[in-house]
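Examination of the molecular architecture
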Amino acid sequence: MENTRLIVKQSLSLSGTVDVSGAKNAVLVIMASLLLTRGKSVLKNVPASADVSHMIKLLEQLGAQVGFEKDAKIMHVDTSFVDKYKVSPEIMNKMRASVLVMGPLLAHFGQVDLALPGGCIIGARPIDYHLKNFERMGVDVEIKGSFLCASVKKLTPQRLVLEYPSVGATENLLMAATCTIGTTHIVNAALEPEVLDLVDVLKKMGARITIHPPATIEIEGVCSLHPIEHEIVFDRLEAGTLILATAITGGQLTLPNANGYLMETFLSKLDEMGHSVSIGKDGNGIVFRATKSPRAVSFKTSPYPGFPTDLQAQTMANLCLCQGKSLVQETVFENRLLHVRELEKMGAQVSVECNMARVSGVEELYGAEVIATDIRASAALVIAGLAAKGTTIIKGVHHWKRGYEKLEDKLTKLGANIWLEEAGEKGVFEPVVNYEKISQEAESF
Ligand code: UD1
């Protein structure tokens, strides 16, 4: 039984200024990309989330030396002695993003052995786009039970057409292509800000990459890449989560280091709800002021620059208390509405049909005991808990710790009444003092 839980009490009018952390989804792939180089790299603005700890373990398992100064948010990675190409099932099962070492290891060793990433609660999440296109580049892929062995003598450049702009497949193929002599194109590529942060890193390493509108990445392969120093892009998903927490409580929030131009589809929905959003020059800095009587809005998730699937659940939590009816359509993952039944326990009125949720706004939500089913569902339940009458107890906290760097502390500084508790030896819950231990408990997404 999981012995950690989040407690959230009704907290109205959150208010203040927050520095947003570096993006989890950028740092994981950028850490993997360092396997393309030999030597010492430095990453700045690295969030201390549980997934980052998993990626450190993975790199160490392959022979890298990693030092992480959590307070300074600086990570030193020395890849000089990387000499292994096998990823153990223990690491693979903890974090699906482990699959992102496939491209760099194929480019470096011509070989990689991985346990297959398990299915996940928000959908099947296959890796067929990755494998099909690696095969087109000449890679032999063999699946033995739940293990995957891939090998190639020499990667061949190709025109790779993705049937869907998968973030992970784009990143994996892009990394492999940087060291594939000749010209590779990735057509219908994902162009999320985190993919573009990876492109920046690869260019700093010496890769030759051009992006052609609307969504083709051209890569001219080079013989070798060198170590880099890089500051990770801000986490637009943490920024969005903080804004939605502020919105539901009718408060005000300033995010000086967030860039509003990277969140425009999302921010325009908040504007449509009646909230006030101001973006600084060149997109730098966001000032948010919530309306006390938000309107219902409808949206569907889609790849960037569309509405991010990773903010769908948190937005829905807000819509539960808006005047009128909203329609939320999830098009990216086939099973990402599991938070609905938990929100219903808190008094929300939502009906689900296939990938569509119809939300009828209610006057009030009530604290309840609920279970987080993935990272973003955990954030949605926290947001609902901030507005709900009474106390909300959230289980499944490992998801929260995997995706966010002490977000409960940031919310507390804004005036939220939220804390983590863990069960002591006698089963009695007490506020958490040892964060390291909690991070290690984090499991698969
Ligand atoms: C990444 C993000 C995740 C985000 C998602 C979509 C990281 C670590 N995670 O996940 O937070 O929610 O992008 O923005 O960056 N698919 C296939 N076959 C494949 C690959 C994907 O069918 O080979 C499907 C998936 O099941 C899903 C859709 O494509 O339905 C999008 O997945 P993808 O963009 O690959 O997401 P991830 O890279 O796993």
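It should be emphasised that the depicted structure is a prediction, and the values quoted were computed from it without experimental measurement.

All right, on to unusual backbone geometry then. With an omega of 0 degrees, the peptide bond running from P213 to P214 counts as cis. With respect to the element layout, P214 can be found in the loop between β12 (208-212) and β13 (216-220). Here the bond from Y304 into P305 is cis, since omega is 10 degrees, no more than 30 degrees from zero. Mapped onto the fold, P305 is located in the loop between β18 (299-300) and α10 (312-319). Of note in this structure, N188 is not a glycine but carries a positive phi near 65 degrees. Its place among the elements puts N188 in the loop between β11 (183-187) and α7 (193-205). Unlike most non-glycine residues, D282 shows phi in positive territory, near 60 degrees. In this fold, D282 is placed in the loop between β16 (276-279) and β17 (284-289).

The environment of the ligand is formed by 17 residues, the closest being D128, Y129, S166, D310 and V332. In the model, an oxygen atom of the ligand is placed 3.0 Å from a nitrogen or oxygen of the N25 side chain. Separating an oxygen atom of the ligand from a backbone N or O atom of V332 is a distance of 2.5 Å. Taking 750 Å² as the accessible area of the ligand by itself, protein coverage stands at 88%.

On to the domain arrangement of the protein chain. Assigned domains of the protein chain: these are domain 1 (4-21 + 234-443) and domain 2 (24-231). For domain 1 and domain 2, the distance between their C-alpha centres works out to 29 Å. With 29 residues of domain 1 in contact, the opposing surface of domain 2 contributes 25 residues. When domain 1 packs against domain 2, the two sides together hide about 2200 Å² of surface, and 50% of this comes from carbon and sulfur. The partner of R402 in a salt bridge is D51, with the nearest N and O atoms 2.7 Å apart.

It is worth spelling out the pattern of salt bridges at this point. Under the criterion given, the structure shown has 18 salt bridges. Salt-bridge contacts for E229 lead to K44; the nearest nitrogen and oxygen are separated by 2.7 Å. Taken as a pair, E229 in strand β14 (residues 229-231) and K44 in strand β3 (residues 40-44) lie far apart in primary sequence, 185 residues in all. Here K395 makes a salt bridge to E369, at a shortest N to O gap of 2.8 Å. Pair noted here: K395 is in strand β23 (residues 391-395) and E369 is in strand β22 (residues 369-371), with a separation of 26 residues, a long-range link. Judged by its relative accessible area of 45%, E369 is partly exposed. Three or more residues joined by partner-sharing salt bridges are found here, namely K24, D51 and R402.

Structurally, L174 can be placed in helix α6 (residues 167-178). As a C-alpha pair, L174 and G385 span 211 residues in sequence and 41 Å in three-dimensional space. Residues contacting L174, with those up to four places away along its chain left out, are I186, L198, V199, L202, I209, I217 and I219.

As a further point, take the sheet that holds β23. Read from one edge of the open sheet, 5 strands run β22-β23-β1-β24-β25, paired in mixed fashion. Every other strand in the sheet has two partners, leaving β22 and β25 (429-431) as the edge strands with one partner each. Averaged over all adjacent pairs, the angle separating strand axes in this sheet is 30 degrees, with direction ignored. Bridge count for β22 against β23 is 3 bridges, and the pairing is parallel. Each bridged residue has a counterpart across the sheet, and for E369 the counterpart in β23 is I393.

Further remarks concern the nonpolar core. Grouped burial of nonpolar side chains is what soluble globular proteins tend to show. Core analysis: the largest hydrophobic core is formed by 143 residues, its most contacted members being I243, L255, W400 and L411. Examining the composition of this core, we find that 9 residues originate from one element, helix α12 (residues 375-387), more than from any other. Counting contributing residues per domain, this core is built from domain 1 (4-21 + 234-443) and domain 2 (24-231), each supplying no fewer than three. Leave out the neighbours within four places in its chain, and L255 touches V18, V20, A239, L242, I243, G285 and I286.

Within the secondary structure layout, G168 lies in helix α6. Looking at G168, the relative accessible area reads 19%, which means it is buried. Sequence-wise, G168 and R96 are 72 residues apart; in three dimensions their C-alpha atoms are separated by 9.8 Å. Setting aside chain neighbours within four positions, we find G168 in contact with L100 and H130.

What follows is about the pairing of β17. Examined bridge by bridge, strand β15 (residues 252-259) and β17 share 5 bridges and lie antiparallel to one another. By the bridge assignment, L255 is partnered in β17 with I286. Relative to β17, β16 runs antiparallel, the two sharing 4 bridges. Bridge pairing in β17 places S276 opposite R289. Where β16 folds back onto β17 in an antiparallel hairpin, the turn is made up of 4 residues, including D282, whose phi is positive at roughly 60 degrees.

This next bit is on the confidence of the model for the protein chain. The share of residues in the protein chain with pLDDT of 70 or more is 95%, and the mean pLDDT across the chain is 93. Predicted confidence for residues 438-445 stays below pLDDT 50, and this span has 29 contacts to residues more than four positions away or in other chains.

Criteria and cut-off values
Residues numbered from 1 in each chain as written. Predicted model: local features only at pLDDT ≥ 70, side-chain atom pairs only at ≥ 80, totals over all residues. Heavy atoms only, no water. Helix = DSSP H or I, 4+ residues; strand = E, 2+ residues; numbered from the N terminus. Near = heavy atom within 4 Å. Polar contact = N/O pair within 3.5 Å; in protein donor to acceptor, adjacent residues only side chain to side chain. Areas by Shrake-Rupley, 256 points an atom, 1.4 Å probe, with all protein chains shown as cover. Domains from an automatic or database assignment. Contact = heavy atoms within 4.5 Å. Buried area = accessible area lost by both parts, 1.4 Å probe. Salt bridge = Lys/Arg side-chain N within 4 Å of Asp/Glu carboxyl O. Buried < 20%, exposed > 50% of the residue type's maximum accessible area, 1.4 Å probe, protein only. Pairing = 2+ DSSP bridges. Axes fitted to C-alpha atoms, helices over the stretch in contact; angles between N-to-C directions. Core = buried A, V, L, I, M, F, W, Y, C linked by side-chain atoms within 4.5 Å. pLDDT = per-residue confidence, 0-100.

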